[in-house]
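# A look at the structure
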Amino acid sequence: MEKTFAIIKPDGVERNLSGKILERVESQGFKIVAMKRTRLSKVQAENFYDVHKSQPFFDSMTRSMSSGPVVLLVFEKENAIADWRKLMGATNPADAEAGTIRKDFAESIERNSVHGSDSTATAVFEISYFFAQSEILS
Ligand code: ATP
Ligand code: MG
């Protein structure tokens, strides 16, 4: 069984979309095996998105990610990484397919409601960045 890491971003939490998003997750066969609500510091957001540090949107995006509470999650499912990316939809909601979370809920490319790991190595790093093994219960 594969695990992936997800975030309901500040724009999603702020607009009370956590329940609607998690309803889709569970109905698509993902098991929520870890979950916590917290607020990221600017530095935590910067280290988390370190691969994007040379991008022009880096400062604004990490400010947005640390602007309010988030929900941190680990999902388990066969092909969890690819299937969660598919359920999220394209980074820019304008390009996202009908029925995806970003198409239905995201406000813009920056306020795009959810995050998902993009590879096995990323998922391992991201899960361990936020969760202790004892907090992950299959
Ligand atoms: P995430 O990593 O959050 O799941 P992603 O993998 O779809 O999103 P990335 O390319 O990793 O997209 O970009 C990380 C985040 O940076 C995006 O989710 C988005 O919020 C922000 N971002 C990406 N490109 C832009 C852009 N051109 N302008 C503003 N923000 C952007
Ligand atoms: Mg990404």
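A brief structural summary. (Residues numbered from 1 in each chain as written. Chains lettered and ligands numbered in written order. Predicted model: local features only at pLDDT ≥ 70, side-chain atom pairs only at ≥ 80, totals over all residues. Heavy atoms only, no water.)

### Considerations on the overall build of the protein
Spelled out, the test is: Think of it this way: any DSSP run of H or I at least four residues long counts as a helix, any run of E at least two long counts as a strand, and we number them from the N terminus. Radius of gyration: C-alpha atoms only; globule rule: 2.2 Å multiplied by the number of residues to the exponent 0.38. Only protein chains enter the calculation, and the probe is 1.4 Å; a residue is then buried if its accessible area is under 20% of its type maximum, exposed if over 50%, and partly exposed in between. For the area figures, the Shrake-Rupley method with a 1.4 Å probe applies, and any residue is considered shielded solely by the protein chains shown. Only four residue types enter the charge count, namely Lys and Arg as positive and Asp and Glu as negative; His and the chain termini do not. One atom stands in for each charge, and that atom is NZ of Lys, CZ of Arg, CG of Asp or CD of Glu.
Across its full length, the protein holds 7 helices and 4 strands. When the elements of the protein are put in sequence order from the N terminus, they spell out β-α-α-β-α-α-β-α-α-β-α. Taken over the C-alpha trace, the protein has a radius of gyration of 14 Å; the compact-globule value for 138 residues is 14 Å, and the two agree within 12%. Each of the three principal axes of the protein carries a C-alpha extent, and together these read 35 × 35 × 25 Å. With 138 residues in all, the protein has 45% of them scored as buried. Summed over all atoms, the accessible surface of the protein reaches about 7100 Å², with 50% contributed by carbon and sulfur. With 18 positive and 19 negative side-chain charges, the protein shows a spacing of 3 Å between the two charge centroids.

### Some words on helix α4 (residues 58-65)
Defined as follows: Here the arc refers to the directions that run from the helix axis out to each C-beta atom. What makes two residues a contact is simply this: any of their non-hydrogen atoms within 4.5 Å.
Turning to α4, its buried residues are Phe58, Met61, Thr62, Ser64 and Met65. Viewed along the axis of α4, the buried residues span an arc of 155°, placing them on a single side of the element. Residues of α4 that are buried make contact with β1 (2-8), α1 (10-14), α3 (42-48) and β3 (70-77).

### Quick notes on the site of ligand 1
Basically, it comes down to this: The rule for a residue being near a molecule or strand is that one of its heavy atoms must lie within 4 Å of it. Under the rule applied, a polar contact is a pair of N or O atoms within 3.5 Å (in protein, one hydrogen donor and one hydrogen acceptor; residues adjacent in sequence only if both atoms are side-chain atoms). In this analysis, the protein atoms alone were mapped onto a 1 Å grid. Cavities are point sets where a 1.4 Å probe fits without being able to get out; pockets are open sets with protein on both sides within 12 Å along at least five of seven lines; lining residues have an atom within 4 Å of a point. Being in a pocket or cavity means that more than half of the molecule's atoms lie within 2 Å of its grid points. Residue classes follow a fixed rule: Ala, Val, Leu, Ile, Met, Phe, Trp, Tyr, Cys and Pro count as nonpolar, while Asp, Glu, Lys and Arg count as charged, and any other residue, Gly among them, counts as polar.
The local shell around ligand 1 holds 13 residues, among which Tyr49, His52, Arg85, Thr91 and His115 are the closest. Between ligand 1 and Lys9, the relevant distance is 2.9 Å, taken from an oxygen atom to a side-chain nitrogen or oxygen of the residue. Between Glu110 and ligand 1, the recorded distance is 3.4 Å, taken from a backbone N or O atom to an oxygen atom. With respect to the pocket detection grid, ligand 1 is positioned in the largest pocket. Residues that form the shell around ligand 1 fall into these classes: 4 nonpolar, 5 polar and 4 charged.

### Some points on unusual backbone geometry
Located in the positive-phi region is Asn79, a residue other than glycine, with phi close to 55°. Positive phi, normally seen in glycine, also occurs at Ser113, with a value near 70°. Topologically, Ser113 is positioned in the loop between α6 (101-105) and β4 (114-116). Taking the relative accessible area as the measure of exposure, Ser113 reaches 0% and is therefore buried.

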